[in-house]
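# An overview of the molecular structure
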Amino acid sequence: MALDIEHLLTTSDPTAIDSLFHEACRLRDEAYGRKVFMRGLIEISNHCKNDCLYCGIRRSNTCHRYRLTKEQILDCCRQGHALGFRTFVLQGGEDGWMTDEVLCDIVSTIRREYPDCAITLSLGERGKESFRRLREAGADRYLLRHETADSDHYSRLHPAEMSFDHRMQCLHDLRELGYQVGCGFMVGSPFQTIETLKKDIAFIADFRPEMVGIGPFIPADGTPFEHEKAGSVELTLRLLAIIRITLPHVLLPATSALGTMHPKGRELAIRAGANVVMPNLSPQDTRALYSIYNNKLSTGSEAAESAADIRARMKAIGMDVPVDRGDFLTHNL
Ligand code: SAM
């Protein structure tokens, strides 16, 4: 189905939008059934060597820095497994202390202790050899948002030392190493246009990632973009549906950024074709410190509480939340 992306992103015709969401959900249900897969997010470090202009944990922002110990990470996995999580997502800033040796030790221990679980990493750009070692240690998936498929736009969101080509190279390396790969972008990031969004969709259609993470840009205090406007919930929902229609089998999270912008943001995302939620399993006392944007969701709640809350919300809109790794399905492709 050839989509008129510009029309779908700009129309105010409610019938066109309803049928967009309807078609997205139909394709999702055909691929995966009425299931929402849970991933347990563990924010392992907020140290970062990068200075992305939008991010609250950028190097030059003054914030209290922390990193979890191996024992703390394993403790999060233990709690998560008991709560029915079968995917752990280790996310963090680009922290030089997290060498291949340190990370491979953590990943291989999780792999050994939880053979029934998928391990996803989201730790930014690394060299191909590092990605290879982490894959061999037991990582299955890697999330690395491309942030924008337009290199000029990329250079307005990042400092000169960060390169669009290197980010793209990382995505290709990950693919070659056999990871299930996730890319994605913020909706409403400064300088984004309909044209850059069309390039994002074209990139996604061409790269065919197994996962796509999108959520509204939310300003973060202390960053160069702190006074910029937040991204729109409505536009994010339309883009979720467009991505689902573009790649019917993609694993598509209803992100916390959407939940932060709207009390029913994650439910709306599921109704637009998303099929993944990522409740936070990080220790309660470090959650508020992983402040990539303002007013981040559930910084005060316990793991059990956020998992129960999200399960109840999904069930209330008629979705199952299975105890399942929720791998990318290749059947019917
Ligand atoms: N350092 C890793 C990386 O670069 O992929 C993972 C952590 S990074 C904080 C995860 C994602 O958070 C980024 O890819 C970005 O899209 C998103 N993010 C950062 N700042 C944000 C903001 N102000 N609003 C919304 N999303 C943001």
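The structure displayed is predicted, hence computed values, not measured ones.

Below, the discussion takes up the site of the ligand. Close to the ligand lie 18 residues; Tyr 54, Gly 92, Arg 145, Glu 147 and Ile 218 are nearest. Backbone polar atom of Gly 92 to a nitrogen atom of the ligand: 3.0 Å apart, as the coordinates give it. Contact between the ligand and Arg 145: an oxygen atom at 2.9 Å from a side-chain N or O atom of the residue. A breakdown of the residues in the shell around the ligand according to their chemical character gives 10 nonpolar, 5 polar and 3 charged.

Quick look at the packing of aromatic side chains now. Counted under the stated rule, the structure contains 8 aromatic pairs. Both rings, one in Phe 88 and one in Tyr 114, keep their centres 5.7 Å apart while their planes meet at 75°; by these two values the pair is edge-to-face. Note that Phe 88 is positioned in strand β3 (residues 87-92) and Tyr 114 in the loop between α4 (100-113) and β4 (118-122), a separation of 26 residues in sequence. Across the pair, exposure class does not vary: Phe 88 and Tyr 114 are buried alike. Geometrically, the ring pair formed by Phe 131 and Tyr 142 is edge-to-face, given 5.0 Å between the ring centres and 70° between the ring planes. Placement of Phe 131 in helix α5 (residues 128-137) and of Tyr 142 in strand β5 (residues 141-143) is noted, with a sequence separation of 11 residues between them. One exposure class covers both Phe 131 and Tyr 142, and it is buried. For the cation-ring pair, Arg 156 lies above Phe 191, with the distance from its terminal atom to the ring centre recorded as 3.8 Å. For Arg 175, the ring lying beneath its charged end belongs to Phe 207, and the centroid distance is 4.3 Å.

What follows concerns the nonpolar core. Phe 88 and Ile 110 are the most contacted members of the largest nonpolar core, which totals 96 residues. Top element by residues in this core is helix α9 (residues 233-246). It accounts for 9 residues. The contact partners of Phe 88, leaving out residues within four places of it in the chain, are Gly 40, Ile 42, Cys 77, Gly 80, His 81, Ile 110, Tyr 114, Cys 117, Ala 118, Ile 119, Thr 120 and Leu 281. Judged by nonpolar contacts, the second largest core, of 7 residues, contains Ala 31, Phe 37, Met 211 and Val 276.

As for its position among the elements, Met 186 is in strand β6 (residues 180-187). We classify Met 186 as buried; its relative accessible area is 9%. Counting along the chain gives 76 residues from Met 186 to Ile 110, while the straight-line C-alpha distance between them is 30 Å. Setting aside residues no more than four positions away along its own chain, Met 186 makes contact with Tyr 54, Arg 145, Glu 147, Gln 192, Gly 215 and Phe 217.

This part is about the pairing of strand β2 (residues 40-45). The element β2 is extensively covered by neighbouring structure, given that 6 of its 6 residues are classed as buried. Pairing geometry for β2 and β3, over 5 bridges, is parallel. Across the sheet, Leu 41 pairs through a bridge with Val 89, a residue of β3. In this region the chain leaves β2, passes through helix α3 (residues 70-82) and returns to the parallel neighbour β3; the handedness of that crossover is right-handed.

Take unusual backbone geometry next. Residues other than glycine seldom take positive phi values, yet Phe 191 does so here, at roughly 75°. With respect to the helices and strands, Phe 191 occurs in the loop between β6 and α8 (194-207). Unlike most non-glycine residues, Arg 208 shows phi in positive territory, near 50°. The topology assignment puts Arg 208 in the loop between α8 and β7 (211-216). A relative accessible area of 47% means that Arg 208 is categorised as partly exposed.

Rules used throughout
Once a new chain begins, its residue numbering starts again from 1 and follows that chain's sequence as written. Restriction of local features to residues with pLDDT of at least 70 applies here, the model being predicted, together with a cutoff of 80 or more for giving and counting side-chain atom pairs; totals for whole chains, interfaces and linings are based on all residues. Neither water nor hydrogens contribute to the side-chain values; these are computed over all heavy atoms in the structure. Here a residue is considered near a molecule or strand provided that any single heavy atom belonging to it is located within 4 Å of it. Polar contacts here mean pairs of N or O atoms no more than 3.5 Å apart (in protein, one a potential hydrogen donor and the other a potential acceptor; neighbouring residues in sequence count only if both atoms are side-chain atoms). Side-chain classes follow a simple rule in which Ala, Val, Leu, Ile, Met, Phe, Trp, Tyr, Cys and Pro form the nonpolar group, Asp, Glu, Lys and Arg form the charged group, and the remainder, Gly included, forms the polar group. Put simply, two rings from Phe, Tyr or Trp (the six-membered ring, in Trp's case) pair if the centres are within 6.5 Å, and we call them stacked under 30 degrees between planes, edge-to-face over 60, tilted for the rest. The helix count covers DSSP runs of H or I at least four residues long, the strand count covers runs of E at least two residues long, and both are numbered beginning at the N terminus. Working definition: with a 1.4 Å probe on protein chains only, accessible area under 20% of the residue-type maximum means buried, over 50% means exposed, and in between means partly exposed. In this scheme, Lys NZ or Arg CZ marks a charge over a ring once it lies within 6 Å of the ring centre and within 35 degrees of the ring normal. Each nonpolar core is a collection of buried residues, namely Ala, Val, Leu, Ile, Met, Phe, Trp, Tyr and Cys, held together in the definition by side-chain atoms within 4.5 Å. In this description, contact between two residues means that some pair of their heavy atoms is separated by no more than 4.5 Å. Paired strands, in this sense, are two strands between which DSSP finds at least two bridges. Call a crossover right-handed when, viewed with both strands pointing away from you, the route from the first strand across the helix to the second goes clockwise.

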